[in-house]
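Chain and residue survey
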Amino acid sequence: MSGLKLTPNSVLHFDANSIRQHLENVREELVVVEREGSDGFEIGVGRGAPSSEHQGVSVTGILPPLYPEWLGDRSFQEAHGTRFAYVAGAMANGIATVEIVVSMAKHGMLGFFGSAGLTLPVVESAIARLQNEVPEGKAFGMNLIHSPHEKELEQGIVDLYIKHGIRRVSASAYMGLTEMVVQYAVHGLYEEDGIVQRQNYLFAKISRPEVARRFMSPPPADLLESLLSKGRITEAEAALAARVPLCADITVEADSGGHTDNQTLTAVFPSVARARDEVMAAHDFQTPIRLGAAGGLGTPSSLAAAFALGASYVVTGSVNQSCVESGLSEKGKDLLCEAQLGDVMMAPAADMFEMGVKVQVLKKGAMFGVRAQKLYDIYKSHNALSELADDTREMLERSFFKSTLEEVWKGCERFFAARDPRELEKAAKSEKHKMALIFRWYLGQSSRWAIKGDALRTLDFQIWCGPAMGAFNAWVQGSFLEAASSREVGQVALNLLEGAAVITRAQQLRSFGANVPSSAFYFAPRPMAALA
């Protein structure tokens, strides 16, 4: 490199072990040097200001400092007021607790509370706590899940968010747009110096390019007209909505826990990125649409790969569920800590049971996945409970429900009388629907047993989990993060980010032709104090 040389005090390193040690000092500048050796040219690293005392050594480049804060798209931090481009995803039924969200905010990250599956009063209580406990000036978000069977609940959640001024919402399980997601995203749009500005940020979690396009485009005119006619948005908001994408942040979800298409991140992310570029060009959007990466992110290498793909931010889920702040029971966390890469399976989802939609769950240590699939098979092959063979009915009552089907139905009647009486009306007309509600009782209760830690129901625990959990466990084995009692979401996040920066830098040096050892692509977990 012309004009750039080394000082007499510069210490040069050409051996692989020393190079690896220097790569972990990501906050220091490294000079990349070259010298002629017995087997040709060697690439090494050193530090120092310009001079000319090193004979036969030339400077070929500079590796500038690489802070974890610099990973991702800086516009993400600017838009959401975070220090890092890191998000803790919304795990349903309050598993993504207030404690997780508050910890993320205090660490300069963004967390979403797991609102899905909770009642309006519980969600409102969580909002009150978050607005009181999240430090002033720090961001947090809530979850909005598509609820095709409970549209009033979905609308009630949106109304609650607007009422309390919730500025960030993660939308999940949507295959298309609903009035509810459009209302939230459009609410509060205003114009400043000719540029449309957002009050609310909707993060759409998707796994298919065709679905992503719907959230990247302006909302359809018919949805805006319907919302306008109902007084849910203003004429000014409707006009401005036609000029901007519905979402500024799209989370590309790969092989995750819970609802997932089991996509591979390296396949789906570039496809969605291409769709993003085409949509932006077609509508001549002037502000970028950010793409985040989620699913399968449980090691520093996976985060580094996501950022290398062009992710503006990363989202973790399964690994946070095993942390002390999570709403999962201690027994559930212990099961997660034992999971290996292949200890997951797909099982029917409680919220979309009749549609055949599945979620990814923990297989090791539980029978839920197998039993849930058995229930779905029975549902598909029978039109009523009265058609069940005696031995099938006995098996369900003894092993699955631990109660008679009549007693389970009484519980369903009490629940839906308060939650959605229309379900009971449908069941009165359709024995098959009644059977679905009884089977959904098991699927719905199984996740709550895992949260409560019901010792009599351990085999029936439904724990949403992706392969990232097994990868994370392998990474932290033998470290201070191995035990569930030591897994704090802040520690986990900082270690993942620091490691991603180290691995990114190792790849940068390797592109110079340096002999970077494979050990440089592994970052050992260490206490947060060492990451200052």
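Residues numbered from 1 in each chain as written. Predicted model: local features only at pLDDT ≥ 70, side-chain atom pairs only at ≥ 80, totals over all residues. Heavy atoms only, no water.

Attention now moves to the overall build of the chain. In terms of helices and strands, the chain carries 20 helices and 16 strands. Its C-alpha atoms give the chain a radius of gyration of 26 Å, near enough to 24 Å, the size a compact globule of 532 residues would have. For the chain, the spread of C-alpha atoms along the principal axes amounts to about 90 × 60 × 40 Å. Taking all 532 residues of the chain together, 55% fall into the buried category. For the chain, long-range pairs separated by at least 24 residues make up 70% of all intrachain contacts whose partners lie at least 6 apart in sequence. Working note: accessible area of the chain is about 22100 Å², and carbon and sulfur atoms make up 51% of it. Here the chain holds 52 positive side-chain charges and 61 negative ones, and the gap between their average locations is 3 Å. (Helix = DSSP H or I, 4+ residues; strand = E, 2+ residues; numbered from the N terminus. Rg over C-alpha atoms; globule rule 2.2 N^0.38 Å. Buried < 20%, exposed > 50% of the residue type's maximum accessible area, 1.4 Å probe, protein only. Contact = heavy atoms within 4.5 Å. Areas by Shrake-Rupley, 256 points an atom, 1.4 Å probe, with all protein chains shown as cover. Lys, Arg positive; Asp, Glu negative; His and termini not counted. Charge placed at Lys NZ, Arg CZ, Asp CG, Glu CD.)

Enumeration over the complete set of coordinates arrives at one cavity of 30 Å³ or more. If you add up the space inside the largest cavity, you get close to 40 Å³. Looking at the largest cavity, the residues that line it are A185, V186, L189, R198, P219, A241, V244, P245 and L246. Counted by class, the lining of the largest cavity contains eight nonpolar, no polar and one charged residues. (1 Å grid on protein atoms, 1.4 Å probe; cavity = no way out; pocket = protein on both sides within 12 Å on 5 of 7 lines; lining within 4 Å. Points joined across faces, edges and corners; volume = space filled by probe spheres on them. Nonpolar A, V, L, I, M, F, W, Y, C, P; charged D, E, K, R; others polar.)

Looking now at the sheet that holds strand β16 (residues 358-362). Ordered in space as β12-β16-β15, the three strands form an open sheet in which the pairing is antiparallel. Each edge of the open sheet is held by one strand with a lone partner, namely β12 (258-259) and β15 (344-348). Here five bridges tie β15 to β16, and the two strands are oriented antiparallel to one another. The residue bridging P348 from the neighbouring strand is K358, located in β16. (Pairing = 2+ DSSP bridges.)

Now for helix α4 (residues 120-133). Compared with the 20 Å implied by 1.5 Å per residue over 14 residues, the 20 Å span of α4 between its first and last C-alpha is a close match. Turning to α4, its buried residues number three or more, namely V123, A126, I127 and L130. The arc enclosing the buried residues of α4, seen along the axis, measures out at 105°, which places them on a common side. α4 presents P121 and N132 as exposed residues on the side facing more than 90 degrees away from its buried surface. Buried residues in α4 make contact with α3 (98-106), β5 (110-113), β6 (141-145) and α5 (151-163). (Expected span 1.5 Å × (residues − 1). Arc of directions from axis to C-beta.)

Moving on: the sheet that holds strand β1 (residues 30-37). Overall, antiparallel pairing links the three strands, which are arranged β2-β1-β3 in an open sheet. Only two strands of the sheet have a single neighbouring strand rather than two, namely β2 (40-46) and β3 (57-63). On average, each strand axis in the sheet is inclined to that of its neighbour by 30°, with strand direction left out of account. With six bridges joining them, β1 and β3 adopt antiparallel strand pairing. By the bridge assignment, V32 is partnered in β3 with G61. Sheet strands in contact with helix α20 (residues 489-510) are β1, β2 and β3, and its direction is about 145° off that of β3. (Axes fitted to C-alpha atoms, helices over the stretch in contact; angles between N-to-C directions.)

Before going further, it helps to spend a moment on the packing of aromatic side chains. Applying the stated criterion across every chain, the model contains 19 aromatic pairs. Ring geometry for F76 against F203: centres 6.4 Å apart, planes inclined by 85°, an arrangement best described as edge-to-face. Highlighted residues: F76 in helix α2 (residues 74-80) and F203 in strand β10 (residues 201-206), separated in sequence by 127 residues. F203 matches F76 in its accessibility class, with the two residues each being buried. (Phe/Tyr/Trp six-rings, centres within 6.5 Å; stacked < 30°, edge-to-face > 60°.)

Quick look at the state of the cysteines now. Under the defined criterion, the tally for this structure stands at zero disulfides. C323 supplies the cysteine sulfur nearest to C337, a cysteine that is in no disulfide, at a spacing of 8.5 Å. Residue classification places C337 among the buried positions, given a relative accessible area of 19%. For the unlinked cysteine C465, the closest cysteine sulfur is that of C337, found at 11 Å. (Disulfide = S-S within 2.5 Å.)

Here we take up the nonpolar core. Residues Y86, L202, F215, F401 and F439 are the most contacted members of the largest nonpolar core, which totals 157 residues. With ten residues, α20 is the single largest residue contributor to this core. Setting aside residues no more than four positions away along its own chain, L202 makes contact with V169, A171, V181, Y184, A185, F215, L246, C247, A248 and D249. By size, the runner-up hydrophobic cluster in this structure holds twelve residues, among which are L30, A506, A514 and V516. (Core = buried A, V, L, I, M, F, W, Y, C linked by side-chain atoms within 4.5 Å.)

All right, on to the layout of surface pockets then. Computed from the structure, the second largest pocket encloses a volume of approximately 470 Å³. Lining the second largest pocket are 19 residues, and of these I195, V196, R198, V244 and T287 lie nearest its centre. Secondary-structure elements contributing two or more residues to the lining of the second largest pocket are α2 and β9 (195-197). No other element matches the three residues that β9 contributes to the lining of the second largest pocket.

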